[in-house]
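Structure assessment
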Amino acid sequence: MSLIVFTDLDGTLIDFETYSTEVSKPTVKRLMEARVPLVFCSSKTFDEQRALQEKYGLEMPCIVENGSAIIAPSSFWAAAPEGATEHDGWTWLTLGLKASEVRRRVRRVESEVGESLYGFSSMGTEDVARVTNLDLISARRAQSRDFSETLAAKKSPEFWDQIAPVFAKHGLKCLCGGRFHTVIKDDCNKGRAVNEFTKAYESLSIENLVTVGLGDSPNDYDMLAAVDYPYQVKKPDNTWETIEVADLIHIDGIGPVGWNLAISQIIDELVKEAG
């Protein structure tokens, strides 16, 4: 049996408020020692995810911008997946639209609803840093999106529900990621990307592949539904959000504390079984 772990980032692997890696860092090291690939799967950009990987000492594949692309070190694949391109030692399999096209369509949506949705690309970097609590370098990474747009507008859930059909009319969908909303191509999601990755990974003649997913919010639904073992950690308020996924395993720990508990369980049970 071979094992691979897909994980959400904010509020799961890293602290929701501080973005700290310290709590989960020892457990990530333990996972690497067990030679289990750890694939980041979040709304964050490639630049953001690479910066985070470097904090953990990783060079691993990642799924970026809510499933809009799969990006892996070129050495990871014996043969690049069909349709992939090479950029500076990384293989990119694009599933979404270019960010410039997403932004163009978002402007149409704003025109139709008659309100600014405050896309990160239209904001100054200092303003992005202020609303995200990031330093300027990290805020610039958050603005540098390849396949999506982040919206900072503070609106009610009812407002976002009401304008969802407007996004859909333009071939887009708008996802709530906790603090902000992310706009991507309408047929992209974390689950589709996980399935595409798994198919490509299995083509490397890897038998009896077992997939694990960890998340905290409804935005992780598609990823959790696509894996063999889905785990959900608690939110900062010490509750689990409602995610209707079959056989979902609830972990009694907030964010990275829960992530540590889940990975320890995975290593103790699945990795030992694989060995």
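Anyway, here's the lowdown on the structure attached to this text. (Residues numbered from 1 in each chain as written. Predicted model: local features only at pLDDT ≥ 70, side-chain atom pairs only at ≥ 80, totals over all residues. Heavy atoms only, no water.)

Description of the overall build of the protein
Operational definition: Strands are runs of DSSP state E lasting at least two residues, helices are runs of H or I lasting at least four, and both sets are numbered from the N terminus onward. C-alpha atoms define the radius of gyration, and 2.2 Å times the number of residues to the power 0.38 defines the globule rule. Burial status follows relative accessibility: with a 1.4 Å probe on protein chains alone, a residue under 20% of its type maximum counts as buried, one over 50% as exposed, and anything between as partly exposed. Only heavy atoms enter the contact rule, under which two residues are in contact if any of them lie within 4.5 Å. Working definition of accessibility: Shrake-Rupley area with a 1.4 Å probe, residue cover restricted to the visible protein chains. Two residue types count as positive, namely Lys and Arg, and two as negative, namely Asp and Glu; His and chain ends fall outside the count. Every charge is mapped to an atom, namely NZ of Lys, CZ of Arg, CG of Asp or CD of Glu.
Along its length, the protein carries 9 helices and 12 strands. Relative to its length of 275 residues, the protein is compact, with a C-alpha radius of gyration of 18 Å against a globular reference of 19 Å. The proportion of buried residues among the 275 residues of the protein is 53%. Within the protein, counting contacts between residues at least 6 apart in sequence, those at least 24 apart form 59% of the total. Of the accessible surface of the protein, which amounts to about 12,500 Å², a share of 46% is contributed by carbon and sulfur atoms. Treating the 29 positive side-chain charges of the protein as one cloud and the 42 negative ones as another, the clouds have centres 5 Å apart.

Some thoughts on the layout of surface pockets
Rules: Every definition here rests on a 1 Å grid over the protein atoms only: cavities are sets of points where a 1.4 Å probe fits but cannot get out, pockets are open sets enclosed by protein on both sides within 12 Å along at least five of seven lines, and lining residues have some atom within 4 Å of a point. Grid points are joined across faces, edges and corners, and a volume is the space filled by probe spheres set on the points. When residues are grouped by polarity, Ala, Val, Leu, Ile, Met, Phe, Trp, Tyr, Cys and Pro land in nonpolar, Asp, Glu, Lys and Arg in charged, and all others, Gly among them, in polar.
There is about 300 Å³ of room inside the largest pocket. If you trace the largest pocket, you find it lined by Ile14, Thr18, Tyr19, Lys44, Glu48, Ala51, Leu52, Lys55, Leu134, Asp135, Ser138 and Arg141. Elements with a minimum of two residues in the lining of the largest pocket: helix H2 (46-56) and helix H5 (136-143). Top contributing element to the lining of the largest pocket by residue count: H2, with 4 residues. Split by residue class, the lining of the largest pocket holds 5 nonpolar, 2 polar and 5 charged.

Thoughts on the sheet that holds strand E8 (residues 172-176)
For the record, the criterion: A pair of strands is considered paired only if DSSP assigns at least 2 bridges between the two. Axis definition: a line fitted to C-alpha atoms, limited for helices to the stretch in contact. Angles are taken between N-to-C directions and run from 0 to 180 degrees.
Taken in spatial order, the 3 strands of this open sheet run E7-E9-E8, and their pairing is antiparallel. Since the sheet does not close on itself, it has two edges, and those belong to strand E7 (149-151) and E8, each with one partner. Strand-to-strand twist in this sheet, taken as the mean axis angle between neighbours without regard to direction, amounts to 30°. Pairing analysis gives 3 bridges linking E7 to strand E9 (residues 181-185), with the strands arranged antiparallel. Looking across to E9, one finds that Thr150 is bridged to Thr182. Packed on one face of the sheet, helix H3 (residues 99-113) meets E7, E8 and E9 and runs near 40° to E7. Contacting E7, E8 and E9, helix H6 (residues 157-169) runs over the sheet at an angle of about 150° to E8.

Some thoughts on H6
This is how the line gets drawn: To estimate how far a helix should extend, the number of its residues minus one is multiplied by 1.5 Å. Note on bend: at a given residue it equals the angle between the axes fitted to the 7 residues ending there and to the 7 starting there.
Between its first and last C-alpha, H6 extends 19 Å over 13 residues, near the 18 Å set by a 1.5 Å rise per residue. By the largest-angle criterion, Ile163 marks the main kink of H6, which is about 35°, and a proline, Pro165, follows within four residues. Of the residues making up H6, those classed as buried are Phe159, Trp160, Ile163, Val166 and Phe167. Buried residues belonging to H6 abut H3, E7, E8 and E9.

As for the environment of Arg179
Secondary-structure assignment places Arg179 in the loop between E8 and E9. Residue classification places Arg179 among the partly exposed positions, given a relative accessible area of 23%. Linking Arg179 and Thr132, residues 47 residues apart in sequence, is a C-alpha distance of 8.3 Å. Once residues lying within four places of it in the same chain are set aside, the contact partners of Arg179 are Phe16, Glu17, Tyr19 and Lys154.

Some points on empty space enclosed by the protein
One pass over the structure, following the stated rule, counts 1 cavity of 30 Å³ or more. Considering only enclosed or pocket space, the largest cavity measures out at about 390 Å³ in volume. If you go around the largest cavity, you meet 25 residues; those closest to its centre are Asp10, Ser43, Lys44, Gly177 and Phe180. A per-class count over the lining of the largest cavity returns 7 nonpolar, 10 polar and 8 charged.

Re the sheet that holds strand E12 (residues 249-254)
Pairing in this open sheet of 9 strands is mixed, and the strands run E5-E6-E4-E3-E2-E1-E10-E11-E12 from one edge to the other. Among the strands making up the open sheet, the edge pair consists of strand E5 (85-87) and E12. On average, adjacent strands in this sheet sit at an angle of 25° to one another, irrespective of strand direction. In this structure, strand E1 (residues 2-7) lies alongside strand E10 (residues 209-215), joined through 6 bridges in parallel fashion. Looking at E10, one finds that Thr7 is bridged to Leu214. The strands that H2 touches are strand E2 (38-41), strand E3 (62-64), strand E4 (69-73) and strand E6 (90-94); relative to E3, the one it contacts most, it runs at about 150°.

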